[in-house]
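# Structural description and commentary
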Amino acid sequence: MFLLALTALAFLSAPVVGWMGCRSLPFVALLPLALFIGFATLLPEISSGSLLVESTAWIPSLGIDAAFRADGLSLTFALLITGIGTAVFLYASAYLRGAPRLGRFYTALTLFMASMLGAVLADNLMLMVVFWEMTSITSFLLIGYSPENQQARRSAQQGFLVTVAGGLAMLAGVIVLGSAAGTFSITEILERREEIAAHPAAPAIIVLLALGAFSKSAQAPLHSWLANAMVAPTPVSAFLHSATMVKLGVYLLARMDPVFSDQALWIALLAGFGSLTMMVGAVLAMRETDLKRVLAYSTIVSLGTLVMLIGLPGELAAVATITFLIVHALYKACLFMVAGIIDHETGTRDSSALSGMRHYMPVTAAAALLGGLSMAGLPPFIGFAAKELVYETGLETSASLVLVLAGLAANVVMVVVAAIVAIRCFAGDLSPTPKTPHDPGVAMLAGPVVLAVLGLLFGLMPWLVGNSLIVPAASAMAGTPVEYSLSLWHGFTPMLGLSVLTVALGMAVYLRWDTVRRRMAAIHQIDDWGPDRLYDRMMDGLQRFSTWQTELIQSGSLRSYVARTLFIIAFAALVTLLLRGGLEMPSFAASLGPDLVLAILLVVSALAVARARNFVSGIVAAGTVGFTVALLFLFNGAPDLAFTQFSVEALAIVIMLAIVGRMPFRERDSRVRDERLRDIFIAGGVGVTASLVLLAVLAQPFDGRLSDFFRQASVPEAHGSNLVNVILVDFRALDTLGEITVLGLAAVAAAAVLAGVRRATSEKRR
Amino acid sequence: MNSLILKTTSRLILPAALIFSIYVLLRGHNEPGGGFIGGLIAAAGIAVFAIPRGRTALISMLRVWPKTLIGAGILLAIAAGVPSLLLAEPFLTQQWPFASLPIGTTLVFDVGVYLVVIGSVLTFLSYYLEN
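Now for a description of the structure that goes with this document. (Residues numbered from 1 in each chain as written. Chains lettered and ligands numbered in written order. Predicted model: local features only at pLDDT ≥ 70, side-chain atom pairs only at ≥ 80, totals over all residues. Heavy atoms only, no water.)

## Quick word on the overall build of chain B
On a plain count of helices and strands, chain B comes out with six helices and zero strands. Helices and strands appear in chain B in the N-to-C order α-α-α-α-α-α. Dimensions of chain B along its principal axes, counting C-alpha atoms only, are 55 × 25 × 20 Å. Split into buried and exposed, the 131 residues of chain B put 51% on the buried side. Partitioning the contacts of chain B with sequence separation of at least 6, the portion at a separation of at least 24 is 65%. With an accessible surface of roughly 6,200 Å², chain B has 72% of that area assigned to carbon and sulfur atoms. Of note, chain B has its 7 positive side-chain charges centred 20 Å away from the centre of its 4 negative side-chain charges. (Helix = DSSP H or I, 4+ residues; strand = E, 2+ residues; numbered from the N terminus. Buried < 20%, exposed > 50% of the residue type's maximum accessible area, 1.4 Å probe, protein only. Contact = heavy atoms within 4.5 Å. Areas by Shrake-Rupley, 256 points an atom, 1.4 Å probe, with all protein chains shown as cover. Lys, Arg positive; Asp, Glu negative; His and termini not counted. Charge placed at Lys NZ, Arg CZ, Asp CG, Glu CD.)

## What to know about the interface of chain B and chain A
Each partner contributes residues to the interface: chain B has 46 residues there, and chain A has 40 residues. Broken down residue by residue, the surface that chain B buries against chain A is led by His29(B), Tyr127(B) and Tyr128(B), which jointly contribute 19%. At the junction of chain B with chain A, the criterion picks out zero salt bridges. Our enumeration of links across chain B and chain A arrives at 10 residue pairs in polar contact (both at pLDDT 80 or more). When residues of the side of chain B that touches chain A are traced back to their parent elements, those giving at least two are helix H1 (4-27), helix H2 (35-50), helix H4 (66-79) and helix H6 (105-126) of chain B. With 11 residues, H6(B) is the single largest residue contributor to the side of chain B that touches chain A. Taken together, the residues of the side of chain B that touches chain A sort by class into 30 nonpolar, 10 polar and six charged. (Buried area = accessible area lost by both parts, 1.4 Å probe. Salt bridge = Lys/Arg side-chain N within 4 Å of Asp/Glu carboxyl O. Polar contact = N/O pair within 3.5 Å; in protein donor to acceptor, adjacent residues only side chain to side chain. Nonpolar A, V, L, I, M, F, W, Y, C, P; charged D, E, K, R; others polar.)

## Overview of the pairing of strand S2 (residues 64-70) of chain A
Residues and elements named next belong to chain A. With six of its seven residues buried, S2 lies for the most part within the structure. Here strand S1 (residues 52-59) pairs with S2 via seven bridges, running antiparallel. The partner of Ser 55 across the bridge, within S2, is Ala 67. A loop of four residues connects S1 with S2, the two strands running antiparallel in sequence, and Gly 63 in this loop sits at a positive phi of about 70°. (Pairing = 2+ DSSP bridges.)

## What about the packing of aromatic side chains?
Under the defined criterion, the tally for this structure stands at 18 aromatic pairs over all chains. A connected cluster of aromatic rings, assembled from ring pairs, spans Phe89(A), Phe112(A) and Phe239(A). Between Arg101(A) and the ring centre of Tyr145(A), over which it is positioned, the NZ or CZ distance is 5.7 Å. The aromatic ring of Tyr127(B) is capped on one face by Arg55(B), whose charged end is 5.9 Å from the ring centroid. (Phe/Tyr/Trp six-rings, centres within 6.5 Å; stacked < 30°, edge-to-face > 60°. Lys NZ or Arg CZ within 6 Å of the ring centre and 35° of its normal.)

## Some thoughts on the packing of helix H1 (residues 2-12) of chain A against helix H6 (residues 102-121) of chain A
Residues and elements named next belong to chain A. Close contact between H1 and H6 brings their axes to 8 Å; oriented N to C, the two are set at 160°. In terms of axis orientation, H1 runs roughly antiparallel to H6. In this structure, the crossing between H1 and H6 has a hand that is left-handed. For the pair H1 and H6, contact is made by Leu 3, Thr 7, Ala 10 and Phe 11 and by Thr 110, Leu 111, Ala 114, Ser 115, Leu 117, Gly 118 and Leu 121, respectively. Of the residues belonging to the contact of H1 with H6, the class tally is seven nonpolar, four polar and no charged. (Axes fitted to C-alpha atoms, helices over the stretch in contact; angles between N-to-C directions. Parallel < 35°, antiparallel > 145°, perpendicular 65-115°, else oblique. Left-handed = near helix turned anticlockwise from the far one by under 90°.)

## What about the side chain of Ser155(A)?
Residue and element names in this part refer to chain A. Here Ser 155 shows up in helix H8 (residues 150-181). By relative accessible area, Ser 155 is classed as buried at 0%. In this structure the side chain of Ser 155 is engaged in a polar contact, spanning 3.0 Å, whose partner is the backbone oxygen of Asn 228. In this structure Ser 155 touches Ile 143, Asn 228, Ala 229 and Val 231, once residues within four positions along its chain are discounted.

## Observations regarding the pattern of salt bridges
Should the charged atoms of two oppositely charged side chains come close, the side chains can pair. All names here are of chain A. According to the stated counting rule, one finds 14 salt bridges over all chains in the structure shown. With a shortest N-O distance of 3.5 Å, Arg 293 and Glu 288 are connected by a salt bridge. Relative accessible area serves as the criterion here: at 16%, Glu 288 is assigned to the buried category. Among the ionic pairs, Asp 703 bridges to Arg 705, the shortest N-O distance being 2.9 Å. On the accessibility criterion, Arg 705 (64% relative accessible area) is exposed.

## Some points on helix H2 (residues 14-21) of chain A
Within an α-helix, residues lying three or four positions from one another point in the same direction, as the helix has 3.6 residues per turn. Of all the positions in H2(A), only Ala14(A), Val17(A), Gly18(A), Met20(A) and Gly21(A) are classed as buried. An end-on view of H2(A) places all buried positions within 165° of arc, on one side of the element. (Arc of directions from axis to C-beta.)

## Regarding a nonpolar patch on the surface
On the surface, Leu734(A), Leu75(B), Ile78(B), Val82(B), Leu85(B), Leu86(B) and Phe91(B) cluster together into a nonpolar patch covering about 660 Å² of accessible area. Mapped by element, the contributors of at least two residues to the nonpolar patch are H4 and helix H5 (82-86) of chain B. It is H5(B) that provides the largest number of residues to the nonpolar patch, a total of three residues. By secondary structure assignment, the location of Leu85(B) is in helix H5. (Patch = residues over 30% accessible without salt bridge, like charges linked within 9 Å, V, L, I, M, F, W, Y side chains within 5 Å.)

## Quick look at the side chain of Glu133(A)
All names here are of chain A. If you trace the backbone, Glu 133 turns up in helix H7 (residues 125-143). Look at Glu 133: it is buried, it has no salt bridge, and the nearest opposite charge is Lys 216 at 5.9 Å. In this structure Glu 133 touches Val 164, Gly 167 and Leu 168, once residues within four positions along its chain are discounted.

Scope: geometric values only; no functional claims are made or implied.
Structure (structure tokens):
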């Protein structure tokens, strides 16, 4: 119950955190800290190679359980989410002091963190899908934190649509996977991976799951939402878009890697799209001056690197993936928070307008430098070890020159971005800024400083993180126990040569960055034809299509709605009857005495409705039809139904007359001859079809199984002899609960519409 | 619709309709009737009362907003399922606590249905009534 309890704690604390957050209390960080400590207690057990699986029945009939699983991989993610979460919550409590709607913000942020935890800990694929979608919804709320900003609304919507569309593909993949494997349990799926990999549906599963993961992890060409999501407040960017949410796709791929890692399709998809994303992100990062957007594009590069690494088979690739994942989370969260501090303290985050900030903000500058050096992959930082591993994997396992070159380009961009954020803003002469900056308080500095120092600490003592986290996580990802000892220095290897080349190239580009950036930004084809513009075009097209079909279908006239609806019902039913041979006549063996009288009464009242010249007489005549039908029920042994019909008819007449009293319905029928003929045709069609259907129903032999069951079970099991009521309140009580809820909601909704209509008419009168 | 005849007769119809509706509600488990029909009868009686008098008179007669009746009804219906949860049975497994008396949680559930039906009809109707 431990994992379930931790996840539930995260969800249940949301209101409390929201309450503290709206008062800008730094205690909001206590929840992620407590969760971090909770997960850290699992470290010794998990790093010794064992596995923690908990399962609680949830919807057993569908094979969906509230099952949780902690192994190296999910624990690594849980620690990242809660650890960086602690820094982000603390940072936000100072960064957003005095901002509006803070209660809502912290509630959404907490729910987001809880959903992330649920998604990475879930052992049931369906449970994971639920949490996965919750991260989409909460990140939508977080990106759209400033709804008055049009850009924020668009970005929130874009992120939501892209990730949810991918999530639907993933859901389809999960269903196919579940039916191929016969279970939704990840643990069982991993145990039977050969069997599943050989299943004929495996290619479909791979493509669908990859679609979901690619949309969430911003793989090209679905990447544009991530950079646009930078309109969110910086703590959100640091949390969602560097450390956690975008890594959920990476998590899914890593989780499924043991099953599909030998499939050529899996390798091609992941390595292909991963390296494409690296290149796209690298090009885009080189065009920006906004610090957050530069960082966002470098995140896209990193996500591409991760996906490519997962695609490469072998244990070394697994080690490289996990190491790079942890390293990236550390430095990217640190640098995002630094960018936020610069923005917060100077009033701008345009890197071309900033320099010399180290004089004002020495501590921030130091944190930025440490984080930047780790990002650039220089020794003795852990980033160096990660970069060496990426090169080593590229050289040893793929031997593909393209991948190595993509990795080189990506790492060069990393060096440039690190230099822009960590050096450019802080070095050189002082530049004038909108506000006079200074180092922020402890709450804002603690996170970046700790994360930056950890990057250095892990670099100097790689065994700290190597044996406890990286090796267990890599084992989980590879599907077999991995033997690896993480170290900083590998000797003079080809990888070292590549590293030196990377740094040299990176510094060369950085020194000429102003020219490079201007040249890159001048290529306006990227803006004109990129996927971001494509998204806009698609949304415009959708709007136009929806306007077109609304004008076509929703004319606004109630009479034509009713006419069309009835025509379609009658037409569809009649065609079905004719095509499926449903025309049957029952044998009228029994005496027809009372039925015949009622039938005549029905026909007469129906004709009276048709002949009625004003609404009041029409309503009364229609009521007669209803009462006659009620009599029909009464004579055929359904007193309850008759009773209900009587009440409904009476009520309908009362209410309709009340409405007619208020509405301009008193005038005579205004239809022209053609309209009357059309209505007669439709009404006749409905009548004939209904009669044919009823005759066909009567011709069927009566199946008494259900009524026999209810007749026998109603008194002993439900203590009632009125079958209808027993079914309503006992056997199918949950249905009734749903129905009365719908009824109440419909009434409230109708009342809201009517209130709107009344307000509109009274305004028009004025 | 300000008719003296309607105003006078509806004052007589209202209590009769309410009493009859409660009778129908209570007998419903064994005889034709139940919360749905009872609610319709009560709503018809109240509607006849309210139509000549207007919305303000309806609210002051009910003493609550009609929407409140919907919420109360749904809550009651849910509450009828709570005992089964406490006894670790599927939600809304109706309970019969008294061996001799024919009173169970079905009655609570039926009263919930009754209130939702009245509330829905009156919520809808109240927007057609003049002040």
